[in-house]
Amino acid sequence: MTAAPEEKTAPPAGQASTPPDRAARRAMRKLSEQDTVPYGMRPTRTGRIARAALLTVAAIVTVFPFYAMVVLSLKPSAAVDFPGSLLPWPLTGEAYDAVMGAQDVPRWLFNTLIYSVVSVVGVLLLASLAGYAFAKKRFPGRETMFWSFLSMVMVPYHVTMIPTFAMIAKLGGVDTYWGLIVPTLANAQAVFLMRQFIQGLPDELFEAARLDGCNEWQIFYRIVLPLLKPILATLGVFVFLWHWNDFLWPLVIGQSTDMRTLTVGIASLQQQNVPLNVVLSGSVIAFVPIFAAYMVGQRYFTEGVTASGIKG
């Protein structure tokens with residue numbers, strides 16, 4: 001007569017179960033890897049060490065230019081001596097005081113913010129509307145119109161810049177905000193990504209909304225836009241980055257000092273024999289909003305990149 005198996009009793013209330021030690025966690029991780037990774041592709045100890053070393057070197061190479069930019073911007077106005085100038089001492093904020101106290105830099109920062117933020121809102125709004133129309137609406141010539149618009153990606157920007165400038169100048173848009181912003185709102189890549197993402201949404205959602213009495217604007221506002229949050233965040237970061245770092249079009253259209261953006265203004269400082277630490281401090285100031293925009297959209301960034309690739 002066999003004995004009944006001993007039942008496992010739960011720990012008493014108020015007494016938490018002890019977490020597994022390091023060796024147990026390592027064994028559990030190895031078992032999970034063996035279950036999911038084919039035998040020939042399981043990493044060895046040497047492979048893991050080599051991978052960690054390679055990633056460490058890549059991280060150092062990536063971060064070093066930013067470190068050098070920040071440290072050199074905090075150095076006193078003196079000749080740069082490598083590698084001694086890369087040491088984090090002595091540090092001073094006189095370059096930032098000079099930049100922020102200059103008459104033109106706050107104006108350039110304001111122009112760049114207007115150019116980037118308004119362009120992001122305009123590009124996302126127009127791209128989402130066009131993507132919804134191309135993905136879910138049926139009208140004659142839809143595919144021809146879409147692929148004709150998408151063919152703009154293959155046309156070099158420098159080819160269209162001169163005719164665009166001539167048209168904007170004829171309309172009186174030189175040295176104006178609308179002349180700086182409007183020509184950049186038609187973004188074929190953004191429309192393509194929006195269309196590919198919206199195509200993956202089930203048609204049953206839109207049919208149910210129409211049966212409930214929603215018109216097209218209500219469907220777009222209540223159904224499409226909430227589902228587009230990941231791709232909107234991803235595109236918003238990219239569009240903000242493109243416009244914040246844009247140099248050629250603001251240089252052409254903003255011919256006065258008051259209409260310069262940060263990139264154009266910092267380039268003009270280099271032509272005026274301004275000290276290196278002042279130029280680099282302006283570069284740090286221009287970099288901070290880009291990093292902040294990425295941190296704000298980081299929650300949806302990876303999800304948006306993955307979803308846009310899968311839906312396409």
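For every chain, the first residue of its written sequence is number 1, and the numbers climb from 1 along that sequence. Totals for whole chains, interfaces and linings use all residues, but because this is a predicted model, local features are given only for residues with pLDDT of at least 70 and pairs of side-chain atoms are given and counted only at 80 or more. Where side-chain values are given, they derive from all heavy atoms of the structure, hydrogens and water being excluded.

## Some thoughts on the pattern of salt bridges
To keep things clear, this is the line we draw: Salt bridge, as used here, is a side-chain nitrogen of Lys or Arg placed within 4 Å of a carboxyl oxygen of Asp or Glu. In this text, helices come from DSSP runs of H or I with a minimum length of four residues, and strands from runs of E with a minimum of two, each type numbered from the N-terminal end. Exposure categories follow from relative accessible area, calculated using a 1.4 Å probe and restricted to protein chains: below 20% of the type maximum is buried, above 50% is exposed, and the middle band is partly exposed.
Under the criterion given, the structure shown has five salt bridges. In this structure, Arg195 and Glu143 form a salt bridge, with 3.4 Å as the shortest nitrogen-oxygen distance. Placement of the pair is Arg195 in helix 8 (residues 188-199) and Glu143 in helix 5 (residues 142-150), with a sequence separation of 52 residues. In this structure Arg195 comes out as buried when scored by relative accessible area, which is 6%. The shortest N-O distance in the salt bridge between Glu216 and Arg210 comes to 3.3 Å.

## Concerning the packing of aromatic side chains
Formally: Any Phe, Tyr or Trp ring, taking Trp's six-membered ring, that has another such ring centre within 6.5 Å forms a pair; planes under 30 degrees apart are called stacked, those over 60 apart edge-to-face, and the others tilted. Look at NZ for Lys and CZ for Arg. If either is within 6 Å of the ring centre and within 35 degrees of the ring normal, a charge sits over the ring.
Applying the stated criterion to the full structure yields 11 aromatic pairs. Relative to Phe206, the ring of Tyr132 has its centre 6.0 Å away and its plane inclined at 35°; by these criteria the two rings are tilted. You can see Tyr132 sitting in helix 4 (residues 105-136) and its partner Phe206 sitting in helix 9 (residues 203-211), a full 74 residues away along the chain. Given a relative accessible area of 2%, Phe206 falls into the buried group. Taking NZ or CZ as reference, Arg195 lies 4.2 Å from the ring centre of Phe146, over its face.

## Structural notes on the confidence of the model for the protein chain
Short version of the rule: What pLDDT reports is the predictor's confidence in each residue, on a scale of 0 through 100. The contact rule is simple, with two residues in contact once any of their heavy atoms fall within 4.5 Å.
When pLDDT is averaged along the protein chain, the result is 80; 80% of the residues meet or exceed 70. Helix 7 (residues 177-181) holds the highest mean pLDDT among the elements of the protein chain, 93, whereas helix 1 (residues 22-36) holds the lowest, 64. Contacts of residues 308-312 to residues separated by more than four positions or lying in other chains number six contacts, the stretch itself having pLDDT below 50.

## Some thoughts on the nonpolar core
Nonpolar side chains tend toward joint burial in soluble globular proteins. Under the convention used in this document: What makes a nonpolar core is a set of buried Ala, Val, Leu, Ile, Met, Phe, Trp, Tyr and Cys residues whose side-chain atoms join them at distances within 4.5 Å.
If you look at the biggest cluster of nonpolar residues, it comprises 55 residues, and the most contacted ones within it are Tyr132, Met194, Ile198, Phe206, Val224, Leu228 and Trp249. When residues in this core are grouped by element, the largest group, 10 residues, is from helix 4. When residues no more than four places from it in sequence are discounted, the contact partners of Tyr132 are Lys137, Ile198, Phe206, Arg210, Glu216, Ile219, Phe220 and Val224.

## Details of the environment of Tyr294
You can see Tyr294 is positioned in helix 14 (residues 276-311). C-alpha separation for the pair Tyr294 and Thr234, spaced 60 residues apart in sequence, amounts to 8.9 Å.

## Regarding the side chain of Ser128
Just so we agree on the cut-off: A 3.5 Å cut-off defines polar contacts: any pair of N or O atoms within that distance qualifies, except that in protein one atom must be a possible hydrogen donor and the other a possible acceptor, and neighbouring residues in sequence count only when both atoms are side-chain atoms.
In this structure, Ser128 sits in helix 4. Assessed through its relative accessible area of 1%, Ser128 is described here as buried. At 2.8 Å, the side chain of Ser128 and the backbone oxygen of Leu125 are in polar contact. Leaving out residues up to four positions away in the same chain, Ser128 has contacts with Met194, Ile198, Phe220, Leu225 and Leu228.

## Side note on the packing of helix 4 against helix 10 (residues 216-227)
Formally: The axes used here are C-alpha line fits, helices contributing only the stretch in contact, and every angle between their N-to-C directions lies in the interval 0 to 180 degrees. Each angle receives one of four descriptions, namely roughly parallel if under 35 degrees, roughly antiparallel if over 145, roughly perpendicular if within 65 to 115, and oblique otherwise. Residue classes follow a fixed rule: Ala, Val, Leu, Ile, Met, Phe, Trp, Tyr, Cys and Pro count as nonpolar, while Asp, Glu, Lys and Arg count as charged, and any other residue, Gly among them, counts as polar.
At their nearest, the axes of helix 4 and helix 10 sit 12 Å apart, and the two run at 105° to each other. Between helix 4 and helix 10, the angle is such that the two are roughly perpendicular. The residues of helix 10 that touch helix 4, namely those facing Ser128, Leu129 and Tyr132, are Glu216, Trp217, Ile219, Phe220, Val224 and Leu225. Here the residues of the contact of helix 4 with helix 10 sort into seven nonpolar, one polar and one charged.

## With respect to helix 3 (residues 94-101)
Heads up, the rule is: This arc corresponds to the set of directions leading from the helix axis out to the C-beta atoms.
Residues Ala95, Tyr96 and Val99 constitute the buried set of helix 3. Within helix 3, the buried residues cover an arc of 95° as seen down the axis, which keeps them to one side. For helix 3, the exposed residues lying more than 90 degrees away from the buried face are Asp97 and Gly101.

## Examining unusual backbone geometry
Within the chain, Asp175 stands out as a residue other than glycine whose phi angle is a positive 60°. Within the secondary structure, Asp175 sits in the loop between helix 6 (157-170) and helix 7.

## Points about the environment of Ala135
Within the secondary structure, Ala135 sits in helix 4. Residue class for Ala135 comes out buried when judged on its relative accessible area of 7%. A C-alpha to C-alpha distance of 8.7 Å links Ala135 and Phe197, two positions 62 residues apart in sequence. Once residues lying within four places of it in the same chain are set aside, the contact partners of Ala135 are Arg142, Arg195, Ile198 and Gln199.

## Let's talk about the packing of helix 8 against helix 11 (residues 229-244)
Interhelical geometry of helix 8 versus helix 11 gives an angle of 175° and a closest axis separation of 11 Å. Here helix 8 is positioned roughly antiparallel relative to helix 11, judged by the angle of their axes. Every residue of helix 11 that contacts helix 8 at Gln189, Ala190, Leu193, Met194 and Phe197 is listed here: Ile231, Leu232, Leu235 and Trp242. When grouped by side-chain class, the residues that make up the contact of helix 8 with helix 11 number eight nonpolar, one polar and no charged.

## Brief notes about helix 11
Rules: Given the number of residues in a helix, its expected span is that number minus one, multiplied by 1.5 Å.
Helix length check: helix 11, at 16 residues, gives a terminal C-alpha distance of 22 Å against a target of 22 Å (1.5 Å per residue), a fit within 8%. Across the 16 residues of helix 11, 12 count as buried, placing the element largely inside the fold. Taken as a whole, helix 11 has its buried residues at Pro230, Ile231, Leu232, Ala233, Thr234, Leu235, Gly236, Val237, Val239, Phe240, His243 and Trp244.

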